[in-house]
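Below, each chain spelled out in residue letters.
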Amino acid sequence: MYAKIALGNVRKSFRDFSVFFLTLAFGVCVFYAFGSITDQAAVIQMGEDQRRMVQALTDILSGLSVFVVIILGFLVVYANRFLIRRRKREFGIYLTLGMDIRHVSWIVVIETLAVGVVALAVGLLLGVGLSQVMMYITAGLFEATIKGFVFAFSPAAALSTVACFAGIFLVTLVFNVTTVSRYKLIDLINADKVSEKVRLRSLPLSVVLFLVSLVLIGVAYKVLLEHGMMEEGPYFALATGLVTVGTLLFFFSISGFALRALQASPRAYLSGLNMFVMRQLNSRINTAWLSISMVCAMLFLAICGVCTGFSVATGMNESLRVGTVYDMSLVSYPMGMASALVSADPEEGPAAADGYDAIARLRADIPNYDELFRDAVQVNQYTYDADGNLLVDTTVEELFANTDFTGNATMQTMMQGNTDQRLTVVPVSEYNALARMAGEKTVELAAGECLLWNDLSSLDELWDAVTAQNPEVEVGGKTLRFAEEPIVHLLFSDTAAGGTVSGALVVPDGMVPAGAGPSATAVNLMYAGERTEVEPAAVAAIDEAYGDVMGQGSTLDAWPVWTLTTAQGLLDQASGTTVVVTYLAIYIGVVLLVCCATVLALQQLSEAADNVGRYRVLAELGAERRMVDHALLAQVGVYFLFPLVVAVAHAAVALSVVNDIVALLTGFQIGTALVGTVCFVVVLYGGYFLVTYLTSRSILARA
Amino acid sequence: MAPSHARPTHPVLSCQSVEKLYGSRSNVTRALDGVSFDVASGEYIAIMGPSGSGKTTLLNCISTIDRPTSGHILVDGQDITSLRSGQLSKFRRERLGFVFQDSNLLDTLTARENIALALTISHVPAKEVVARVEGVAERLEIGDVLDKFPHQMSGGQRQRVAAARAIVTDPSLVLADEPTGALDSKNSRRLLESLEALNADGATIIMVTHDSFAASYARRALFLKDGRIFNEIVRGSKTRKQFFGEIMDVVSFLGGEGADVR
């Protein structure tokens, strides 16, 4: 009999249950889809490197899942609470009819179970669909292929999804039963009559608090923008603290302030339903300000997370495009790591024995060199002359210190203490050889001229300032002037970091003294054939010849290869990283966003149920349907818009700082990712807003 | 009883054989069974009757909350039974003022704002809103509670604020549904005196009540029974006490609240 009542209830008030149902189904769907990534990837034909990436992604995701389950758990309990609260009176009637509270609990249990099981089933079904779509996206991101149509179902993911949601469910159930059994009949019967006591805060206080909150937020922005995130000291913590307190105060006082402000203009206040809307907002903000602040914080995290994730991924791809000009780059340090500024004996080590000719060494050690490589250029960076004296006695840091540059805080911080190295010297003929191989413009130097070689595009502005303000530099006792276009940008060697060389001087060949040994050497090679075809053999050949010294032991002995970088290797790795970062950003972003939107939607819907009486009065006073709809739209809109606007403002400031870091590391601007993120937020969040508005409207219209 | 002798002005309200049926074909309830009467401008009439006599249904039909099954209701010569929903809210806004038993003030608005709302909905200019609210508050002696919220006022004050809201738009008709139902006798009297004063100033008031005492403040009383007008008495030049006595006679004849003698 109770089951009959319970199922009847669900059927009758399906609309009320729909929020609970959707929340659950959504959670299940997303949870399954991301949990099944490993099994999706199994179907895709991809390389070993990429498989490792997927494994890493799976590991991170399973760690994150704990966090996600907790958030979704809260969400489900919250949605459920809304449902229970709305039905107090109904429960009261059961009790007055002589039903035992245990029986009422039992009815609730059956209802929750019925909705839950269906939601689980529907969610899983949607999840399988979503994972199918994701599989093709994953393949696309990895630039891998799926042969034919494949249907991937992951029993493991399905099982863990069911287990997690069964757990959430159990919590909900316990919560429901305890809530219901604690109700007193008198409260249930009077539930409809007791309206929330409108507590009032003094309006002048609200105005003061509002102004204070603006000041706090403003100061926080200023601190963050001036000092960045990476500067030592309490600045970042200070900014975070100020903005947190500021935001809380902001939401605490905004409605009072807005009310006051509007009242100051009777023409605006006494027009249509403005007065009503303002009072509505003000009456609820007393209880809602805290949850709105939370929503704002979650939105902020979601926007920052998604945006940074995307931009890091895109930035990496971008810097890779720039950083993979040559098929293979071999870097070595013929005189050992030159960071210690002791004069090294140029006659020592295997490099000196070869006369510092790395290409000759490679030809000698690799039997099939000509089958593998069609072209190679060696570029040397010199720090010392043949006697071990410094060629340029100026450090990069000194140059920066002598330059008046008002760049962003992050760049300045990064440049400090990180550049305690001398400017190096590269002969122009070597530069031109490399430029010819890369198909770039060669340069010509007049006597007494030099150029600055910088392949980190993010530092161009800084070097522009440096060369403009320090037009002359002393090399080996002679003074050189920077040429008219002082900066050249050619890539020094393949890298994932967007660039490797900053502060090398390109000088006429005669300026490098005979017999001097280079402190760093890069051999850039081009394959005799397609990258993908030649690569394995080429890497194997280098490994065969230098595997015992490469990257280990003394740098002096690792001639002519200390590090091996290949364009194809960088690209493979990067596509994997892109997928990982993108998925993480989306996963977290979607979960947080949907949580925010659901919390707001539920708040508004429960409010609409409470507001039925008030809107009826408006109708009796003769307010037109359109007018009432506008009032409702304004009310719901403000709730959705305010946290979003504040979160976007915070995110814009935080991201502009993050942008400096990302740009410096990868030379990529966050802007592009921001557009995508905003679209994504608007669609998802806007969708929830629309559904909430329409549902609220129909709740009011039904009454 | 003799038909009504309305004042020689055109009727503000004219009900013409209004019928309201509820239920399905097999089981019809006749809530209103051919009710016809006129209300002239400036009249103050009470509609009385026991529970189930149809008085609330009649008020709902006049106030356009409900539609009669047949018959016509004319307000200022306009047939409101044929209005579309868009015109209905305009009609309610411009022609009607409501006073309910539970005052129905918006709990989030101050008294001043509650009264002003009726005007702002009709897009009355702000300056005029302020002046008219002040004016009506003075007439109803609620100037001192204007800046209070409903929960800070007494029940009587709330009802008078509701009355102020009802008349601030200068409606053709003020409809009061058991306005004294939730008030004690002192506050009832005060409210009724206020309504009487408003009537004296020219407001047309229709009050639905089962309270003979309240009805005795009106100029005319209509009695409904089983959906029909059973009787009608006019106060004329009688004192309120005499009128009250007459009303009580009809009420006890109807078998209603015979013992309820004040």
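Refer to the structure presented above.
Described below are features of the structure shown in this document. (Residues numbered from 1 in each chain as written. Chains lettered and ligands numbered in written order. Predicted model: local features only at pLDDT ≥ 70, side-chain atom pairs only at ≥ 80, totals over all residues.)

**A word on the sheet that holds strand 1 (residues 11-22) of chain B**
All names here are of chain B. The sheet built from 4 strands is open, its strands ordered 2-1-4-5 with antiparallel pairing. Pairing within the sheet leaves two strands with one partner each, and these edge strands are strand 2 (29-40) and strand 5 (78-79). The pairing of strand 1 with strand 4 (residues 70-75) spans 5 bridges and is classified as antiparallel. When the sheet's bridge partners are listed, S14 is paired in strand 4 with L74. (Pairing = 2+ DSSP bridges. Helix = DSSP H or I, 4+ residues; strand = E, 2+ residues; numbered from the N terminus.)

**As for the interface of chain A and chain B**
At the junction of the two partners, chain A supplies 22 residues and chain B supplies 23 residues. Those elements giving two or more residues to the side of chain A that touches chain B turn out to be helix 11 (266-269), helix 12 (274-323), helix 21 (567-620) and helix 22 (625-666) of chain A. The element contributing the most residues to the side of chain A that touches chain B is helix 12 of chain A, with 5 residues. Counted by class, the side of chain A that touches chain B contains 10 nonpolar, 6 polar and 6 charged residues. (Contact = placed C-beta atoms within 7 Å. Nonpolar A, V, L, I, M, F, W, Y, C, P; charged D, E, K, R; others polar.)

**Looking at the pairing of strand 5 (residues 472-475) of chain A**
Residues and elements named next belong to chain A. Covered by surrounding structure in strand 5 are V473 and V475 only, the residues E472 and E474 on the alternate face being uncovered. In terms of strand pairing, strand 5 meets strand 6 (residues 478-488) through 4 bridges, oriented antiparallel. Among the inter-strand pairings, E474 is bridged to a residue of strand 6, identified as T479. From the end of strand 5 to the start of strand 6, which pair antiparallel, there are 2 residues, and G476 there has a positive phi angle of about 55 degrees. (Buried ≥ 20, exposed ≤ 12 C-beta atoms within 10 Å, placed from the backbone.)

**Brief notes about the sheet that holds strand 3 (residues 44-48) of chain B**
Residue and element names in this part refer to chain B. Read across the open sheet, the 6 strands follow the order 6-7-8-3-9-10; overall the sheet is mixed. Both edges of this open sheet fall to strand 6 (96-99) and strand 10 (228-234), since each of them pairs with a single strand only. Along the sheet, successive strands turn relative to each other by an average axial angle of 20 degrees, direction set aside. (Axes fitted to C-alpha atoms, helices over the stretch in contact; angles between N-to-C directions.)

**Observations concerning helix 8 (residues 240-254) of chain B**
All names here are of chain B. If you check helix 8, its first and last C-alpha atoms are 21 Å apart, about what 15 residues at 1.5 Å a residue would give, namely 21 Å. Where helix 8 is concerned, the buried positions are F243, F244, I247, M248 and V251. The arc enclosing the buried residues of helix 8, seen along the axis, measures out at 140 degrees, which places them on a common side. Tucked inside the fold, the buried residues of helix 8 contact helix 7 (212-215), strand 9 (220-225) and strand 10. (Expected span 1.5 Å × (residues − 1). Arc of directions from axis to C-beta.)

**Comments concerning the environment of R81 of chain A**
Residue and element names in this part refer to chain A. With respect to the helices and strands, R81 occurs in helix 4 (residues 48-86). What makes R81 partly exposed here is the crowd of 17 C-beta atoms within 10 Å. Residues R81 and T179 lie 98 residues apart in sequence; the distance between their C-alpha atoms is 8.9 Å.

**A closer look at the packing of helix 3 (residues 111-120) of chain B against helix 4 (residues 126-139) of chain B**
Helices that pack against each other are described as a pair by the angle of their axes relative to one another and the distance between those axes. Residue and element names in this part refer to chain B. Between helix 3 and helix 4, whose axes approach to 10 Å, the crossing angle comes to 125 degrees. When the axis of helix 3 is compared with that of helix 4, the two are oblique. Considering how the two elements wind past one another, helix 3 and helix 4 form a crossing that is right-handed. When helix 3 is examined against helix 4, the residues R112, I115, A116, L119 and T120 are found in contact with a partner set consisting of V129, R132, V133 and V136. (Parallel < 35°, antiparallel > 145°, perpendicular 65-115°, else oblique. Left-handed = near helix turned anticlockwise from the far one by under 90°.)

**What to know about the pairing of strand 7 (residues 173-177) of chain B**
All names here are of chain B. Taken across its 5 residues, strand 7 has 5 buried, putting it largely inside the fold. Across the two faces of strand 7 the burial is the same, with L173, L175 and D177 and V174 and A176 all buried. Where strand 6 lies against strand 7, 4 bridges are found, and the strand directions are parallel. The residue of strand 7 that forms the bridge with G97 is V174. Two elements, strand 7 and strand 8 (residues 205-208), share 4 bridges in a ladder whose sense is parallel.

**Things to note about the nonpolar core**
Residue and element names in this part refer to chain A. L505 and V506 are the most contacted members of the largest nonpolar core, which has 270 residues in total. If one sorts the elements of this core by residue count, helix 21 sits on top with 24 residues. Counting residues in each nonpolar core, the second largest holds 8 residues, with F91, Y94, V104 and V108 among its members. (Core = buried A, V, L, I, M, F, W, Y, C linked by C-beta atoms within 7 Å.)

**Comments concerning helix 9 (residues 203-227) of chain A**
Residues and elements named next belong to chain A. Compared with an ideal rise of 1.5 Å per residue, which puts 25 residues at 36 Å, helix 9 spans 36 Å between its outermost C-alpha atoms and is within 8% of the ideal. Along helix 9, the residues that are buried comprise S206, F210, S213, L216, I217, A220, Y221, L224 and H227. Looking at the residues trailing helix 9, positive phi occurs at G228, about 70 degrees.

**Comments concerning the packing of helix 9 of chain A against helix 10 (residues 235-263) of chain A**
All names here are of chain A. Where helix 9 contacts helix 10, the two axes come as close as 6 Å, and the packing angle between them is 150 degrees. When the axis of helix 9 is compared with that of helix 10, the two are roughly antiparallel. The interaxial crossing formed by helix 9 with helix 10 has left-handed handedness. A class-by-class count of the residues in the contact of helix 9 with helix 10 yields 23 nonpolar, 7 polar and 1 charged.

What is shown is where atoms sit, not what they do.
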